[in-house]
Amino acid sequence: MGCNEEMSLNDRILQYLESVGGFDTYDFAQKIKEDHVKIVGAVKSLLAYDELVTTENRSRTLWALTPEGNEFVNEGSKEMRVFKLVPSEGLPIAQVMTQGTKIGFNKAVANGWLRVEKGIVKPSNAPTEDTVQIHLDHIFKNCSEKVSQADKDVYKKRKLIEQVIVNSLYVDKGEKFTVELQKVENDLTAEMIATGAWKDLVFKPYNYNSMGTLPEGGHLHPLLKVRAQIRQIFLEMGFTEMPTNNYVESSFWNFDALFQPQQHPAREAHDTFFLSEPALSHQFPRDYLEQVKRVHSRGGFGSQGYGYEWQEEEAQKNLLRTHTTAVSARMLYKLAKEGFRPAKYFSIDRVFRNEELDATHLAEFQQVEGVIADHNLTLGNLIGVLSEFFKKMGMDQLRFKPAYNPYTEPSMEIFSYHNGLGKWIEVGNSGVFRPEMLLPMGLPEDVNVIAWGLSLERPTMIKYGIDNIRDLVGPRVDLQMVYDNPICRLDKNGIHSMLDEEENSRRWDITVFSLLTAA
Ligand code: PHE
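Given the structure is predicted, the values throughout are model-derived calculations rather than measurements. Residue positions are counted from 1 within each chain, in the order its sequence is given. Local features are withheld for residues below a pLDDT of 70 in this predicted model, meaning they are given only at 70 or higher, and side-chain atom pairs are given and counted only at 80 or more; totals for whole chains, interfaces and linings count all residues. Where side-chain values are given, they derive from all heavy atoms of the structure, hydrogens and water being excluded.

Caption draft 1: Region of the structure containing unusual backbone geometry. Cis geometry is adopted by the peptide bond preceding Pro278, which originates at Glu277 and carries an omega value of -5°. Looking at where Pro278 falls in the secondary structure, it is placed in the loop between helix H12 (251-254) and helix H13 (286-297). With an omega of -5°, the peptide bond between Glu409 and Pro410 qualifies as cis. Only DSSP runs of H or I covering at least 4 residues are called helices, and only runs of E covering at least 2 are called strands; the numbering of each starts at the N terminus. One can find Pro410 in strand S15 (residues 408-418). For Phe301, which is not glycine, the phi dihedral falls at a positive 55°. Tracing the chain through its elements places Phe301 in the loop between H13 and helix H14 (312-316). Accessibility here uses a 1.4 Å probe with only protein chains present; expressed as a share of the type maximum, an area under 20% marks a residue as buried, one over 50% as exposed, and anything in between as partly exposed. The class of Phe301 is partly exposed, set by a relative accessible area of 34%.

Caption draft 2: A look at the site of the ligand. Surrounding the ligand, one finds 13 residues, the nearest of these being His323, Thr325, Arg353, Gln367 and Tyr407. Here His323 contributes a side-chain N or O atom positioned 3.1 Å from a nitrogen atom of the ligand. One of the side-chain nitrogen or oxygen atoms of Thr325 is found 2.7 Å away from a nitrogen atom of the ligand. Contributing elements (two or more residues each) for the shell around the ligand: strand S16 (423-433) and strand S17 (447-455). Amino acids outside the nonpolar list (Ala, Val, Leu, Ile, Met, Phe, Trp, Tyr, Cys, Pro) and the charged list (Asp, Glu, Lys, Arg) are all regarded as polar, and Gly is one of them. Looking at side-chain class alone, the shell around the ligand contains four nonpolar, eight polar and one charged residues. Any residue with a non-hydrogen atom lying within 4 Å of a molecule or strand is treated as near it. What qualifies as a polar contact is a pair of N or O atoms within 3.5 Å, subject to a donor-acceptor requirement within protein and to the restriction that residues adjacent in sequence count only when both atoms come from side chains.

Caption draft 3: Main features of the sheet that holds S17. Criterion used throughout: strands pair if DSSP finds at least two bridges between them. Pairing within the open sheet is mixed, and its seven strands lie in the order S9-S12-S13-S17-S16-S15-S14. Unpaired on one side and paired on the other, strand S9 (240-241) and strand S14 (398-405) mark the two borders of the sheet. Two strands pair when backbone bridges link them, and S14 and S15 are joined in this way by seven bridges, in the antiparallel orientation. Note on S15: the bridge partner recorded for Lys401 is Glu413.

Caption draft 4: Quick look at the pattern of salt bridges. Salt bridges are defined as contacts in which a side-chain nitrogen from Lys or Arg sits within 4 Å of a carboxyl oxygen from Asp or Glu. Under the defined criterion, the tally for this structure stands at 26 salt bridges. The closest approach of N and O atoms between Glu241 and Arg231, which form a salt bridge, is 2.7 Å. Within this pair, whereas Glu241 is found in strand S9, its partner Arg231 is found in helix H11 (residues 222-236), the two being separated by 10 residues in sequence. The class of Glu241 is partly exposed, set by a relative accessible area of 34%. Take Arg231: its relative accessible area is 24%, and that puts it in the partly exposed class.

Caption draft 5: Expanded view of the pairing of strand S6 (residues 161-173). Pairing analysis gives two bridges linking strand S1 (residues 23-24) to S6, with the strands arranged antiparallel. For Asp24, the partnering residue across the bridge sits in S6 and is Tyr170.

Caption draft 6: Geometry of a nonpolar patch on the surface. Patch rule: a residue counts if its relative accessible area is over 30% and it has no salt bridge; like charges are joined within 9 Å, and nonpolar side chains (Val, Leu, Ile, Met, Phe, Trp, Tyr) within 5 Å. Surface accessibility in these figures is a Shrake-Rupley result with a 1.4 Å probe; residues are shielded only by whichever protein chains are displayed. Side chains of Leu188, Ile193, Trp198 and Phe203 sit close together on the surface and give an oily, nonpolar patch of about 390 Å² of accessible area. Counting through the fold element by element, Phe203 comes out in strand S8 (residues 202-203).

Caption draft 7: Spatial organisation of the nonpolar core. With 39 residues, the main nonpolar core has Ile230, Phe234, Val368, Leu386, Phe389, Phe390 and Trp452 as its most contacted residues. Here, two residues are considered to be in contact whenever any of their heavy atoms come within 4.5 Å of each other. Look past the residues within four positions of Ile230 in its chain and what remains in contact with it is Ile348, Val368, Phe389, Met393 and Leu456. Residues Ala329, Met331, Phe433 and Leu443 belong to the second largest nonpolar core, which totals 33 residues. Only buried Ala, Val, Leu, Ile, Met, Phe, Trp, Tyr and Cys residues count toward a nonpolar core, and they belong to the same one when joined by side-chain atoms within 4.5 Å.

Below, the structure written as structure tokens:
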């Protein structure tokens, strides 16, 4: 229907142009009582035809009614409405005021239509007509020349009329003007090509000024953006990504291989999710398992071990991995097996902990992990690499605090000074893997492995100013947040720079995770 309507409007425009030879779209709209915007649209569509019409921009100032002016046209002027309230015997002034308007009353009195006698309003010289209403009606009908300038000034002051600028087009015949329009095609179809019909058709020219449609899909979640950024840092530093595509792990790789004793509290069901089906794993590298058993129960490689009865049944228990360090253990074992060569590994993937859920903790999160294995690495190497890594993350002042992990010695918590917040905040955990972990794997004695870990959620929440983890991950996530969050963050001090300092420190306080405390 829209199409036919446009066609007939186009035809009307061409017919009119043929008869008058040049016209203004606004005048034409008035003349045929059609919406001006529609006329302009139709004229613009005629411009698609080669030299059919020409246009020139015009602009004029017109008088238009304000909403109150419109009300006067429809219901009469306020003074007339007050006048009509008053019967010939009069009405107490208080009643006139409540039923009518003060301004209407004042005007009616000023006009001599009403007078007040001892608190009673009485009709005086009855008006013959509502001049204001009539004048405004002229303006409504675009006959403002029928109203004197003095009156217009009064109405403008009363905010009944205002001046508006109307932009219009002056339309003229083009070189190839005709009233017989040939249909223009919007699209070249397969059929037109096949039949050769395209040769005789006229195509609508490309409109290079039109805006493209906004892409609706493909918005990355903030976690994915920060993940991509961190992955990029690792790649720049020459790290290789570890295969982390197994959420289910055995206790053996998650704990035992990492020299974590079987009585360690992290191995309890309230800290770890154990699987009921399949509950156990059975395939382990036999020799290696024996070495692990030995180092736990009796020691070796210069260690006393823990001196307890190591149980294979405990190591068989399946769980949802509590850290990606389980994958690092598998990779280091593989490296030893295949013949050691220096290696740098990283991963960013999901881990699970049976945590109490609150604003900053979920039972799962993404862990970022970096591992370097080489000959004679020292704590100095670890500090150097961490400095480089965190500098690339936007944190260039670091401090280290001694910590404890069953599998690293020494172990260090990493703190970074945050300029925006003016304080030191914990950003990760790290250490040098113990010989009790590495030597049973068969790694050469002079090989050291340095490693560190952090969560992905914490920097993401801080960077994107999200203070409840459930707004970032899980079923309550507002997809509009994903849609609206910036493609590129221009961070100051690595933090959402729009937030003021107080707000910043509040967010930090509630986003401080204890995620990185050793499992
Ligand atoms: N596995 C540790 C954690 O989950 C992180 C870590 C990795 C610490 C490597 C030291 C070395 O918190």
